Amino acid sequence: FENELGALPPVGFWDPAGLSDGISQEKFDSYRLAELKHGRVAQMAVLGYVAPETYRFGYDLVPGEVSTSDIPNGLAAVTAIPFLGWAQIIAFVGTVETYGWFTSPTGVIDLPDDILAKRQTAELQHGRVAMLAVLELLRHDAQTLAGLDQGYPHLITGLPFIYDN
């Protein structure tokens, strides 16, 4: 699988756990599809973390009861969103998953092979970074909610010139 999309220098094809040892091309393709879907979900999750910091839609999630402006950011939103709000979110995601979104009329992007390969590799790379980013956002948010966040001066130790320690 050294010549597959996403195998980039200097590392090349990287599989330290050996998950691809002795598997068929069909199984590898299913793993790659799972990686792609997880990357897309992670990209949306990162966007969902960052966007509410700068903009709120301001509509009523539950008419007369809960506005989107009242929902906190991050993990605290999980308990703040009522059942009907979760129903809206799940219905929207299910609709997009069922009927698709932003596809060309033929359902396939019509690009030359070299440009398509470059864009597919970029999408894999962005998804990989987003998976790491959303894990860090969740970790940081959970640590803050648990009261374990001690602020920036305790984030990095051993560099007194940064924090005037």
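Residues numbered from 1 in each chain as written. Predicted model: local features only at pLDDT ≥ 70, side-chain atom pairs only at ≥ 80, totals over all residues. Heavy atoms only, no water.

**Here's the deal with the side chain of Thr 68**
Argument step 1. Among the structural elements, Thr 68 can be located in the loop between β2 (66-67) and α2 (76-80).
Argument step 2. Excluding its chain neighbours within four sequence positions, the residues that come into contact with Thr 68 are Arg 56, Phe 57, Gly 58, Tyr 59 and Leu 61. (Helix = DSSP H or I, 4+ residues; strand = E, 2+ residues; numbered from the N terminus. Contact = heavy atoms within 4.5 Å.)

**Considerations on the packing of aromatic side chains**
Argument step 1. Within the structure shown, the criterion is met by two aromatic pairs.
Argument step 2. Measuring from ring centre to ring centre gives 6.0 Å for Phe 13 and Phe 28, while their planes differ by 55 degrees; the resulting arrangement is tilted. Placement of the pair is Phe 13 in the segment before α1 (25-50) and Phe 28 in helix α1, with a sequence separation of 15 residues.
Argument step 3. Since its relative accessible area comes to 25%, Phe 13 is described here as partly exposed.
Argument step 4. With centroids separated by 5.4 Å and ring planes inclined at 85 degrees, the aromatic side chains of Tyr 55 and Phe 57 adopt a geometry described as edge-to-face.
Argument step 5. A residue is classified by how much of its surface remains accessible, and Tyr 55, at 53% relative accessible area, is exposed.
Argument step 6. Residue classification places Phe 57 among the exposed residues on the basis of a relative accessible area of 67%. (Phe/Tyr/Trp six-rings, centres within 6.5 Å; stacked < 30°, edge-to-face > 60°. Buried < 20%, exposed > 50% of the residue type's maximum accessible area, 1.4 Å probe, protein only.)

**Details of a nonpolar patch on the surface**
Argument step 1. On the surface, Tyr 55, Phe 57 and Tyr 59 cluster together to form a nonpolar patch covering roughly 410 Å² of accessible area.
Argument step 2. Among the secondary structure elements, Tyr 55 is positioned in the loop between α1 and β1 (60-62). (Patch = residues over 30% accessible without salt bridge, like charges linked within 9 Å, V, L, I, M, F, W, Y side chains within 5 Å. Areas by Shrake-Rupley, 256 points an atom, 1.4 Å probe, with all protein chains shown as cover. Salt bridge = Lys/Arg side-chain N within 4 Å of Asp/Glu carboxyl O.)

**Side note on the confidence of the model for the chain**
Argument step 1. Per-residue confidence for the chain averages 80 on the pLDDT scale, and 81% of its residues sit at or above 70.
Argument step 2. Per-element averaging of pLDDT across the chain places helix α5 (residues 160-163) at the bottom with 49 and α1 at the top with 91.
Argument step 3. Confidence over residues 156-160 falls short of pLDDT 50; this stretch has two contacts with residues more than four positions distant or in other chains. (pLDDT = per-residue confidence, 0-100.)

**Some details on the side chain of Ser 67**
Argument step 1. The topology assignment puts Ser 67 in strand β2.
Argument step 2. When its relative accessible area of 12% is taken as the criterion, Ser 67 is described as buried.
Argument step 3. Of the polar contacts made by the side chain of Ser 67, one reaches the backbone oxygen of Tyr 59; its length is 3.5 Å. (Polar contact = N/O pair within 3.5 Å; in protein donor to acceptor, adjacent residues only side chain to side chain.)

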